[in-house]
Amino acid sequence: MDFDPDDIFRDDEDDPDAQLSLLDKDSTKEYVVYLVDASPKMFSTSCPSEDQTDESHFHIAISCISHSLKTQIISRSYDQVAICFFNTNHFQKILEANMVSCRGLEKILYTMLSGWRRHFFVKVDKRILLFTNEDDPFGSIKGAIKSDMTRMTLQRAKDAQDLGISIDLLPLSGPDEAFNVSLFYADLIGLEGDDLVDSMPSAGNKLEDMKDQLRKRMFTKRIVKRLKFTVFNGLSIELNSYALIRPTNPGAITWLDSVTNLPLKSERTFICADTGALVEESTRRFHAYKNQNITFSMKELSEIKRVSTGHLLLLGFKPLSCLRDYYNLKPSTFLYPSDEGTDGSMCIFIALHRSMIQLNRFAVAFSGSSARPQLVALVAQEEVIQSGGQIEPPGMHMIYLPYSDDIRLVEERFSDKSGMVTRASDDQIKKAADLIKRIDLKDFSVCQFTNPALQRHYAVLQALALEEDEIPEMKDETSPDEEGLSRPGVVKALEEFKTSVYGENYDEESEHGIGKPTEASKKRKAHAEFAAKECETYDWGELADTGKLKDLTVVELKYYLTAHNLPVSGKKEAIISRILTHMGK
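The rules we used
Residues numbered from 1 in each chain as written. Predicted model: local features only at pLDDT ≥ 70, side-chain atom pairs only at ≥ 80, totals over all residues. Heavy atoms only, no water. Helix = DSSP H or I, 4+ residues; strand = E, 2+ residues; numbered from the N terminus. Buried < 20%, exposed > 50% of the residue type's maximum accessible area, 1.4 Å probe, protein only. Contact = heavy atoms within 4.5 Å. Areas by Shrake-Rupley, 256 points an atom, 1.4 Å probe, with all protein chains shown as cover. Core = buried A, V, L, I, M, F, W, Y, C linked by side-chain atoms within 4.5 Å. Pairing = 2+ DSSP bridges. Axes fitted to C-alpha atoms, helices over the stretch in contact; angles between N-to-C directions. Polar contact = N/O pair within 3.5 Å; in protein donor to acceptor, adjacent residues only side chain to side chain. Phe/Tyr/Trp six-rings, centres within 6.5 Å; stacked < 30°, edge-to-face > 60°. Lys NZ or Arg CZ within 6 Å of the ring centre and 35° of its normal. pLDDT = per-residue confidence, 0-100. Salt bridge = Lys/Arg side-chain N within 4 Å of Asp/Glu carboxyl O. Patch = residues over 30% accessible without salt bridge, like charges linked within 9 Å, V, L, I, M, F, W, Y side chains within 5 Å. Expected span 1.5 Å × (residues − 1). Arc of directions from axis to C-beta. Parallel < 35°, antiparallel > 145°, perpendicular 65-115°, else oblique. Left-handed = near helix turned anticlockwise from the far one by under 90°.

**Student:** Pulling in residues and values, what's your account of the overall build of the chain?
**Tutor:** Along the chain, the regular secondary structure elements total 21 helices and 20 strands. Sorting the 585 residues of the chain into buried and exposed places 30% on the buried side. In the chain, the share of contacts with a sequence separation of at least 24, taken over all contacts with a separation of at least 6, comes to 65%. Of the accessible surface of the chain, which amounts to about 38900 Å², a share of 53% is contributed by carbon and sulfur atoms.

Right under this line is the structure:
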């Protein structure tokens with residue numbers, strides 16, 4: 001079977017199947033059990049809710065779990081979740097709703113241990129989140145029975161922790177008394193010393209407090225990939241990599257069977273053109289060279305394609321002054337020693353980390369996938385602690401360095417025919433700096449703003465999945481602050497900047513009307529007019545309602561995007577999702 005020599009060196013990152021296999025291999029998923037106390041005290045104790053009405057602790061816990069699941073189904077769709085109730089005898093209706101109920105805490109811990117023992121060697125994180133307002137569950141029992149039940153429950157909790165099952169407590173305090181963790185649950189979850197003191201303020205009695213606490217417990221940092229960092233021959237360090245900030249994209253479209261509603265799996269088969277019989281895919285490939293066919297096995301092709309092993313290889317060190325800001329072309333990755341590495345990995349990493357900070361050096365390493373090798377810069381970061389809490393953890397940032405062709409001089413684009421570049425005067429620079437100071441956002445963070453298109457997309461999905469009648473309105477936080485921009489100080493700084501750059505007699509409307517359109521603008525305008533004309537020939541509403549958008553080609557789908565001034569980049573699934581979001585479907 002012939003092959004394309006350019007295709008064998010295609011980047012693996014562009015292959016969705018390769019990405020999926022990488023996800024299954026390197027990342028972890030979670031088994032999460034929400035363990036809710038269903039005793040009468042959870043129903044009798046009430047606290048003010050968000051709408052200023054009294055709500056029982058049980059309903060606060062359920063509302064908190066419901067809010068968490070709506071978020072978790074988007075960000076962690078591969079996790080497995082269970083909701084269990086304990087301290088109740090009447091659980092027939094709960095069982096009918098496919099939930100588990102046990103009478104006592106010790107019994108349910110035993111049930112979970114029995115179910116999770118067979119997953120001991122599976123790469124999953126197992127967690128139990130416990131909701132209760134009873135700080136002494138065996139307080140009404142006296143004598144040897146209480147001691148025996150306490151001992152058995154604590155032993156079950158210890159067995160769970162030995163199996164890698166973490167137990168998190170989310171206590172609910174009463175209106176007149178605080179939840180005393182030290183009575184029983186400090187021993188259950190292993191709190192002592194400073195950890196016990198820090199856990200006391202986290203006990204809340206309101207829905208917003210519980211949502212905040214659960215969000216902190218659920219969204220722990222996850223390992224993206226495990227790397228082996230080779231310092232020199234015979235000495236290597238096991239590292240875990242973490243993604244810091246990444247853009248959020250809509251989930252991929254999953255095709256479902258119209259009858260069973262199960263996901264469909266696509267398979268490729270080869271059919272003989274002469275007989276129509278199924279042909280097995282060849283295990284060998286050939287390439288024509290000088291009137292003869294050079295045969296390759298699949299293993300040989302794999303070795304040819306393997307430019308890099310995917311691990312980190314230390315090449316040397318350079319001063320931090322050599323690292324430019326514009327080298328950071330894409331988000332960096334955070335590196336930290338792995339607990340599963342050798343005994344000396346942590347010591348070697350700490351020594352390397354301290355030396356790089358003291359000498360103001362960054363490490364240059366060779367990394368990348370087998371089809372995309374590249375150099376990376378490892379920049380050490382010191383630990384930052386404020387008010388007794390960690391703000392920045394110690395570790396290294398792995399910055400992906402660009403190739404030489406990726407760096408282009410700005411002067412080459414903005415120079416005139418003679419090669420000269422217009423420079424701003426000192427007054428223009430000063431006026432621009434004054435304007436920036438006026439409109440500068442204090443304590444800005446990219447996390448302050450949500451993507452309105454994504455919020456609308458997930459709101460529509462939630463309304464369809466939960467059969468809600470109304471779709472909640474999404475606030476576009478990226479819209480300009482009209483009120484803030486109309487302040488006298490901002491308006492004055494803006495006018496002074498425009499005057500310093502364009503002059504006092506500048507007319508913006510006449511400026512746009514005088515210039516002749518370029519060839520590129522003519523082509524864009526003609527393409528937009530053609531797309532708008534072709535877009536009118538399709539009934540997009542009917543295509544969206546009947547699910548026939550997938551039958552159109554990418555070129556036809558881009559008619560809609562171009563006609564409505566929407567981005568046309570992305571694969572077919574992303575384009576369809578963008579069209580449905582714009583139509584409000």
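**Student:** Please set out the nonpolar core residue by residue, giving values where relevant.
**Tutor:** Among the nonpolar cores identified, the biggest contains 23 residues, and Leu35, Leu105, Leu130, Leu169, Tyr185 and Leu188 are the most heavily contacted of them. Broken down by element, the residue count for this core peaks at four residues, all from helix α7 (residues 185-189). Core analysis: the second largest hydrophobic core is formed by 19 residues, Leu352, Met356, Val376 and Ala380 among them.

**Student:** Please provide a residue-by-residue account of the sheet that holds strand β14 (residues 312-319), values included.
**Tutor:** The seven strands lie next to each other as β8-β9-β15-β20-β17-β16-β14, forming a closed barrel whose pairing is mixed. The mean inter-strand angle of the sheet, taken between neighbouring strand axes irrespective of direction, is 40 degrees. Summarising the sheet, strand β9 (residues 235-243) and strand β15 (residues 333-337) pair through five bridges and their orientation is antiparallel. For Leu239, the partnering residue across the bridge sits in β15 and is Pro337. Relative to the sheet, helix α11 (residues 345-359) contacts β8 (225-232), β9, β14, β15, β16 (361-368), β17 (373-381) and β20 (395-400), its axis offset from that of β9 by approximately 75 degrees.

**Student:** Break down the environment of His397 for me, citing the residues and quoting the values.
**Tutor:** Within the element layout of this structure, His397 appears in strand β20. If we ignore the near neighbours within four places in the chain, the residues touching His397 are Leu244, Ser332, Thr333, Phe334, Ala377, Leu378, Val379 and Gln381. In terms of polar contacts, His397 uses its side chain to reach the side chain of Gln381, at 2.7 Å.

**Student:** Any details on the packing of aromatic side chains? Residues and values, ideally.
**Tutor:** Pairs of aromatic rings are described using the distance from one ring centre to the other and the angle between the two planes. Taken as a whole and judged by the stated rule, the model has eight aromatic pairs. Ring centres of Phe43 and Phe58 lie 4.4 Å apart, and the angle between their planes is 25 degrees; on these two criteria the pair is classed as stacked. Here Phe43 is found in helix α2 (residues 40-44), whereas its partner Phe58 is found in helix α3 (residues 57-75), with 15 residues between them in sequence. When its relative accessible area of 42% is taken as the criterion, Phe43 is described as partly exposed. Taking relative accessible area as the criterion, Phe58 reaches 12% and is therefore assigned buried. Look at Phe58 and Phe85: their rings are 5.6 Å apart centre to centre, the planes differ by 35 degrees, and that puts the pair in the tilted class. You can see Phe58 sitting in helix α3 and its partner Phe85 sitting in strand β4 (residues 80-86), a full 27 residues away along the chain. Each member of the pair, Phe58 together with Phe85, is buried. Site record: aromatic cluster; members linked through ring pairs are Phe43, Phe58 and Phe85. Its end group placed over the ring of Tyr400, Lys330 keeps NZ or CZ at 4.3 Å from the ring centre.

**Student:** Could you give an account of the confidence of the model for the chain, with specific residues and numbers?
**Tutor:** Per-residue confidence for the chain averages 77 on the pLDDT scale, and 77% of its residues sit at or above 70. At the low end of the mean pLDDT range in the chain sits helix α1 (residues 16-26), at 38; at the high end sits β20, at 93. For the stretch residues 91-102, pLDDT sits under 50, and the model shows 19 contacts to residues farther than four places along the chain or on other chains. Overall, residues 201-205 carries pLDDT values under 50, and its contacts beyond four positions in sequence, including any with other chains, amount to 16 contacts.

**Student:** Help me get a handle on the pairing of strand β12 (residues 284-289), residues and values and all.
**Tutor:** Two faces belong to every sheet, and in a regular strand the side chains alternate between them. As paired strands, β12 and strand β13 (residues 292-297) are joined by six bridges and run antiparallel to one another. If you follow Tyr289 over to β13, its bridge partner there is Gln292.

**Student:** Tell me about the environment of Pro40, and name the residues and values.
**Tutor:** Inspection of the secondary structure assignment puts Pro40 in helix α2. The spacing of Pro40 and Asn87 is 47 residues in sequence and 8.7 Å in space, taken between C-alpha atoms.

**Student:** Break down the pattern of salt bridges for me, citing the residues and quoting the values.
**Tutor:** Here the idea is simple: oppositely charged side chains can pair when their charged atoms come close. Taken as a whole and assessed by the stated rule, the structure comprises six salt bridges. Across the salt bridge formed by Lys41 and Glu134, the nearest N and O atoms sit 3.6 Å from each other. Of the two residues, Lys41 sits in helix α2 while Glu134 sits in the loop between β6 (124-132) and α6 (143-162), which places them 93 residues apart along the sequence. What makes Lys41 partly exposed here is its relative accessible area of 28%. For Glu134, a relative accessible area of 23% corresponds to the partly exposed category.

**Student:** Outline a nonpolar patch on the surface, supporting the account with residue identities and numerical values.
**Tutor:** Judged by side-chain polarity, Leu244, Ile245, Leu441, Phe444, Val446 and Phe449 come together as a nonpolar surface patch covering roughly 550 Å² of accessible area. Tracing the chain through its elements places Phe449 in the loop between α13 (426-439) and α14 (452-465).

**Student:** Quick one: what's the story with α13, residue by residue and with numbers?
**Tutor:** Its 14 residues place the ends of α13 20 Å apart at the C-alpha level, agreeing with the 20 Å of an ideal helix rising 1.5 Å per residue. All of the buried residues in α13 are Gln428, Lys431 and Leu435. Looking down the long axis of α13, one finds its buried residues gathered within 65 degrees of arc, a one-sided arrangement. Projecting away from the buried face of α13 at angles above 90 degrees are the exposed residues Asp426, Ile436 and Lys437.

**Student:** Lay out the pairing of strand β1 (residues 29-37) with the relevant residues and their values.
**Tutor:** The element β1 is extensively covered by neighbouring structure, given that eight of its nine residues are classed as buried. Relative to β6, β1 runs parallel, the two sharing eight bridges. In the strand pairing of β6, Leu35 is matched with Leu130. Strand direction decides the pairing type here: β1 and β4, joined by seven bridges, are parallel. Opposite Val32, over in β4, you have Val81 as the bridge partner.

**Student:** So what about unusual backbone geometry? Which residues, and what values?
**Tutor:** Phi is positive for Asn261, which is not a glycine, with a value near 65 degrees. Among the secondary structure elements, Asn261 is positioned in the loop between β9 and β10 (270-271). The class of Asn261 is exposed, set by a relative accessible area of 53%. Residue Asn565 is not a glycine yet carries a positive backbone phi of 55 degrees.

**Student:** Please provide a residue-by-residue account of the packing of α13 against helix α16 (residues 488-502), values included.
**Tutor:** Viewed as axis vectors pointing N to C, α13 and α16 meet at an angle of 155 degrees, and their least axial separation amounts to 9 Å. As far as their axial angle goes, α16 and α13 are roughly antiparallel. Crossing handedness for the pair α13 and α16: left-handed. Contact with α13, carried on its side by Asp427, Gln428, Lys431, Ala432, Leu435, Arg438 and Ile439, involves Gly489, Val490, Ala493, Leu494, Glu496, Phe497, Ser500 and Val501 of α16 and no other residues of that element.

**Student:** Describe the side chain of Thr333, listing the residues and the values that go with them.
**Tutor:** Looking at the element boundaries, Thr333 is found in strand β15. In this structure the side chain of Thr333 is engaged in a polar contact, spanning 2.7 Å, whose partner is the side chain of Tyr400. If we ignore the near neighbours within four places in the chain, the residues touching Thr333 are Ser241, Tyr242, Arg246, Met396, His397, Met398 and Tyr400.

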